[in-house]
Amino acid sequence: MNSERSWYLLFGCWLLALVSTLGSLFFSEVMGFIPCVLCWYQRIAMYPLVLILLASLFPLDKKVFRYAMPFAGIGLFISIYHNLLHYGVVPESASPCVQGVPCSTVYINWFGFITIPVLSFISFSLIVFLLMMFKKEIHEE
Amino acid sequence: MKNKKNLVLGVALALGAMFIGGAIAYKFMEGKSLNIIADNSPERLVREYSPRTGPTDPKVVLVEFLDPECESCRAFSPFVKDILNKYKDEVQLVVRYATYHRNSAFAVKILEASREQGKFWEVLDLLFKYQPNWGNHRNPKPELIWYYLPEAGVDVEKVRAKFNDPEYDKRVEQDMKDAEFLQIRGTPSFFINGKPLNEFGKQQLLQAIQNEL
């Protein structure tokens, strides 16, 4: 029976989304880092996942891929762009940040490579990956 | 099913508790470490070149990191003036620059050049007064400052001549470095006798000053 495994895959996605949401709120509300425009777009993709995925856990909703994947996919796409900008692959002038905090601002840098956009990228990729595995499980049933 | 619900609930509660606990711990540590920073490196708070006003031997040194292009600094400025008037024998104000906006450094250089004519405070007021015109973030027109400048009684030609003095760039840069060192993330930011004003607000500022008197 695969539904047990599927449930834990979704649970993993939800956990990632929850940790990312609380983490980003900690950065902005507690540590006082002002989110840049691209961070906001990624937040828009991440925050709803917490509620969508939670609702899909009880009872297990096999259709959740259809609702969750667009958020995770768009978030992943924006985070890739943000990282390219962060590491100077895409020039800052091509970014949508006209005012406020430039999207290339580096707030944290743990172990020399973990920045906020990297954390976002890791989280979105893992969610996308787990959702894909979930879909595969469902199909095989 | 029941176990799974407990798992989800437990995880949510644990993470929520971590968030709140972390927030309380962080705020506590932040306040402590800032006090230590300010105590150990007084030069980060007040540089020799920093403009100041008030008594030379003050009871309270109020350091304000400000940005001429910042709306909150503009809104706060009359209140700071009230404090200086009220405690004119006790409080000395030291101005530091936090040039966070696009034309802040431009305005600061004009300010520094005007200072050589003894018109620093007049020009600071002027910059705040016309800020909505020259410092509109959607449509900034910093060159308008030249046009307003005579109103403060400065010799505009002399200001223009001094404007590109590399010393001003150094000051802007040094102030930004100190602001970063002191973990300043917004303007205006205040330090009262070296202690950061942790909770922003007029009443909080007044209270912090009165505590030192």
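Asker: Explain the overall build of chain B to me, using residue names and the numbers behind them.
Answerer: The helix and strand tally for chain B stands at 10 helices and 5 strands. Burial status across chain B gives 46% buried among its 213 residues. The contacts of chain B with a sequence gap of at least 6 include a subset with a gap of at least 24, amounting to 80%. When the accessible area of chain B is evaluated, it comes to approximately 11,300 Å², of which 53% is carbon and sulfur surface.

Asker: For the interface of chain A and chain B, give the residues involved together with the corresponding values.
Answerer: Between chain A and chain B, the contact holds 22 residues from the first and 18 residues from the second. Our count for the chain A to chain B interface comes out at 1 salt bridge. Residues Lys4 of chain B and Glu4 of chain A are paired through a salt bridge, measuring 3.1 Å at the closest nitrogen-oxygen approach. For the interface between chain A and chain B, the tally reads 2 residue pairs in polar contact (both at pLDDT 80 or more). Here the element with the most residues in the side of chain A that touches chain B is helix α1 (residues 3-30) of chain A; it accounts for 12 residues. Its residues assigned to classes, the side of chain A that touches chain B comprises 19 nonpolar, 2 polar and 1 charged.

Asker: Could you give an account of a nonpolar patch on the surface, with specific residues and numbers?
Answerer: Residues and elements named next belong to chain A. Residues Ile80, Leu84, Tyr87, Val89, Phe121, Ile122 and Leu126 make up a contiguous nonpolar surface patch of about 600 Å² in total accessible area. Sorting the residues of the nonpolar patch by element identifies α3 (64-86) and α4 (116-140) as the ones contributing at least two each. With 3 residues, α4 is the largest single contributor of residues to the nonpolar patch. On the secondary structure map, Phe121 appears in helix α4.

Asker: Talk me through the nonpolar core; I want residue IDs and the actual numbers.
Answerer: Residues Leu62, Leu149, Phe190, Ile192, Leu205 and Ile209 of chain B are the most contacted members of the largest nonpolar core, which totals 46 residues. Dropping the residues within four chain positions of it, Leu205 of chain B is found in contact with Leu62, Phe76, Phe79, Ile83, Phe190, Ile192 and Leu197 of chain B. Phe11, Leu18, Val50 and Val64 of chain A belong to the second-largest nonpolar core, a separate cluster that totals 30 residues.

Asker: Please provide a residue-by-residue account of the packing of α3 of chain A against α4 of chain A, values included.
Answerer: All names here are of chain A. Their axes nearest at 8 Å, the elements α3 and α4 cross at an angle of 150°. Overall, the two elements α3 and α4 adopt an arrangement that is roughly antiparallel. Viewed along their axes, α3 and α4 form a crossing whose handedness is left-handed.

Asker: Lay out the packing of aromatic side chains with the relevant residues and their values.
Answerer: Residues and elements named next belong to chain B. One pass over the full model with this rule turns up 16 aromatic pairs over all chains. Here the aromatic rings of Phe76 and Phe79 are separated by 5.8 Å at their centres, their planes lie at 75°, and the arrangement is edge-to-face. Linking Phe76 with Phe79, this pair stays in helix α3 (residues 71-86), spanning 3 residues, or about one helical turn. For Phe76, a relative accessible area of 5% puts it in the buried group. Positioned over the ring face of Trp146 is Arg160, at 4.2 Å from the centre of the ring.

Asker: Before we move on, could you go through the sheet that holds strand β1 (residues 52-53) of chain B and cite the residues and values that matter?
Answerer: Residue and element names in this part refer to chain B. Overall, mixed pairing links the 5 strands, which are arranged β1-β3-β2-β4-β5 in an open sheet. Looking at which strands have only one partner, the edges of the open sheet turn out to be β1 and β5 (195-196). Here strand β2 (residues 60-66) pairs with strand β3 (residues 91-97) via 7 bridges, running parallel. Across the sheet, the residue bridging to Val61 is Gln92, located in β3. Each of β1, β2 and β3 is contacted by helix α5 (residues 120-129), which is oriented at about 60° to β3, the strand it contacts most. Lying over the sheet, helix α10 (residues 202-212) contacts β2, β3, β4 (189-192) and β5, oriented at roughly 15° with respect to β4.

Criteria and cut-off values
One numbering rule holds for all chains: residues counted from 1, following each sequence as written. Written order decides the labels, with chains lettered from A and ligands numbered from 1. Residue-level local features of this predicted model are given only where pLDDT is at least 70; pairs of side-chain atoms are given and counted only at 80 or more, and the full residue set underlies all totals for whole chains, interfaces and linings. Here the side-chain values reflect all heavy atoms present in the structure, with hydrogen atoms and water set aside. Strands are runs of DSSP state E lasting at least two residues, helices are runs of H or I lasting at least four, and both sets are numbered from the N terminus onward. Only protein chains enter the accessibility calculation, which uses a 1.4 Å probe; a residue whose area is less than 20% of its type maximum is buried, one above 50% is exposed, and one in between is partly exposed. Contacts are assigned to residue pairs that have any heavy atoms within 4.5 Å of one another. Using a 1.4 Å probe, accessible areas were evaluated by the Shrake-Rupley method; residue-level cover was limited to the displayed protein chains. Salt-bridge detection follows one rule: a side-chain nitrogen of Lys or Arg within 4 Å of a carboxyl oxygen of Asp or Glu. Any pair of N or O atoms that falls within 3.5 Å is considered a polar contact. Within protein, one atom must be able to donate a hydrogen and the other to accept it, and sequence-neighbouring residues count only if both atoms are side-chain atoms. For this classification, the nonpolar set comprises Ala, Val, Leu, Ile, Met, Phe, Trp, Tyr, Cys and Pro, the charged set comprises Asp, Glu, Lys and Arg, and every other residue, Gly included, is treated as polar. Each patch is assembled from residues with relative accessible area greater than 30% and no salt bridge, linking like charges that lie within 9 Å and nonpolar side chains (Val, Leu, Ile, Met, Phe, Trp, Tyr) that lie within 5 Å. Nonpolar cores are built from buried Ala, Val, Leu, Ile, Met, Phe, Trp, Tyr and Cys residues. Side-chain atoms within 4.5 Å join them into one set. Axes, fitted as lines to C-alpha atoms, cover a helix only where it is in contact. Angles between the N-to-C directions of the axes lie from 0 to 180 degrees. Throughout this description, any angle smaller than 35 degrees is read as roughly parallel, any larger than 145 degrees as roughly antiparallel, any in the 65 to 115 degree range as roughly perpendicular, and the remainder as oblique. When the near helix sits turned anticlockwise from the far one by under a right angle, the crossing is termed left-handed; a clockwise turn instead gives a right-handed crossing. Stacked, tilted and edge-to-face pairs are distinguished by plane angle, under 30 degrees for stacked and over 60 for edge-to-face with tilted covering the rest, among Phe, Tyr and Trp rings (Trp via its six-membered ring) whose centres lie within 6.5 Å. The rule is short: NZ of Lys or CZ of Arg within 6 Å of the ring centre and within 35 degrees of the ring normal puts a charge over the ring. Should DSSP find at least two bridges between two strands, the strands are regarded as paired.

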